[in-house]
Amino acid sequence: MNNTASAKLNKYAGILAGVMEALHWIAAASMVALGICAAVSWDWLDGIFARINEPSLSTYGFEIVAMQGRLESRAVWLFAIAAVVILALMALVCRNVRLILKRSRSASPFQQENVRMLREIGLFFLAIPVVSLAMSVLLRLLLGDAVEAATLDPTHFVMGIFMLCLSLAFDHGAALEADTEGLV
């Protein structure tokens, strides 16, 4: 790919990452609103859920499904807490991607700051299934069989491992680049 096409791709990917970051923060804020509604105005929210056949809520592999046809307010409130954390983690992934692309436009991508952000992306991805699993256990302990919480989507775990490996490769590239600069 030539430099012009590469620069355009970098620019558009950075814009997309920024848009996705903003959308994830908006989604996280909407989950805060859902949690508040579940805690303060459950009758109104329950009326909305009652119109849905087999109501369920889902975000990035964390899903709750009403087992007896109705969701409890505690289940929705706990889902909202988990969703805020998961969506915030995804917003931070998008933020780091945007910053890496921005830094790489004018300089080498093999910078220690980029290595740190890649490592953070890996940790953010690994945190998503951990949050999902913890909230599933909590939901099961508090609500028993009233809700089913499905959580073990391996996608984020695999992506986290891949990003940590990629950060090691970038760390090695940064070290090699620093060594060659010292020779010149």
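Each chain carries its own residue numbering, running from 1 in the written order of its sequence. Totals for whole chains, interfaces and linings use all residues, but because this is a predicted model, local features are given only for residues with pLDDT of at least 70 and pairs of side-chain atoms are given and counted only at 80 or more. Excluding hydrogens and water, the side-chain values take into account all heavy atoms of the structure.

**Q** Hey, could you run me through unusual backbone geometry in this one?
**A** Excluding glycine, residues mostly carry a negative phi; peptide bonds, for their part, are mostly trans. Here Tyr 60, not a glycine, exhibits a phi torsion of approximately 45°, which is positive. Here Tyr 60 falls in the partly exposed class, since its relative accessible area comes to 31%. Think of it in three bands: with a 1.4 Å probe and only protein chains considered, a residue is buried below 20% of the maximum accessible area for its type, exposed above 50%, and partly exposed in between.

**Q** Just to check I follow, could you spell out the pattern of salt bridges for this structure?
**A** Proximity of charged atoms lets side chains of opposite charge pair with each other. Salt bridge, as used here, is a side-chain nitrogen of Lys or Arg placed within 4 Å of a carboxyl oxygen of Asp or Glu. For the coordinates displayed, the defined rule picks out five salt bridges. Across the pair Arg 98 and Glu 21 runs a salt bridge whose closest N-O atoms are separated by 3.0 Å. One end of the pair, Arg 98, is in helix H3 (residues 73-106); the other, Glu 21, is in helix H1 (residues 3-40), and 77 residues separate them in sequence. On the basis of relative accessible area, Arg 98 is assigned to the partly exposed category, the value being 25%. The closest approach of N and O atoms between Glu 72 and Arg 74, which form a salt bridge, is 3.2 Å. The class of Glu 72 is partly exposed, set by a relative accessible area of 31%. By sharing partners, the salt bridges in this structure join Arg 103, Glu 113, Arg 116 and Glu 120 into a single network. Labels follow the DSSP assignment, with helices taken as runs of H or I lasting at least four residues and strands as runs of E lasting at least two, numbered in each case from the N terminus.

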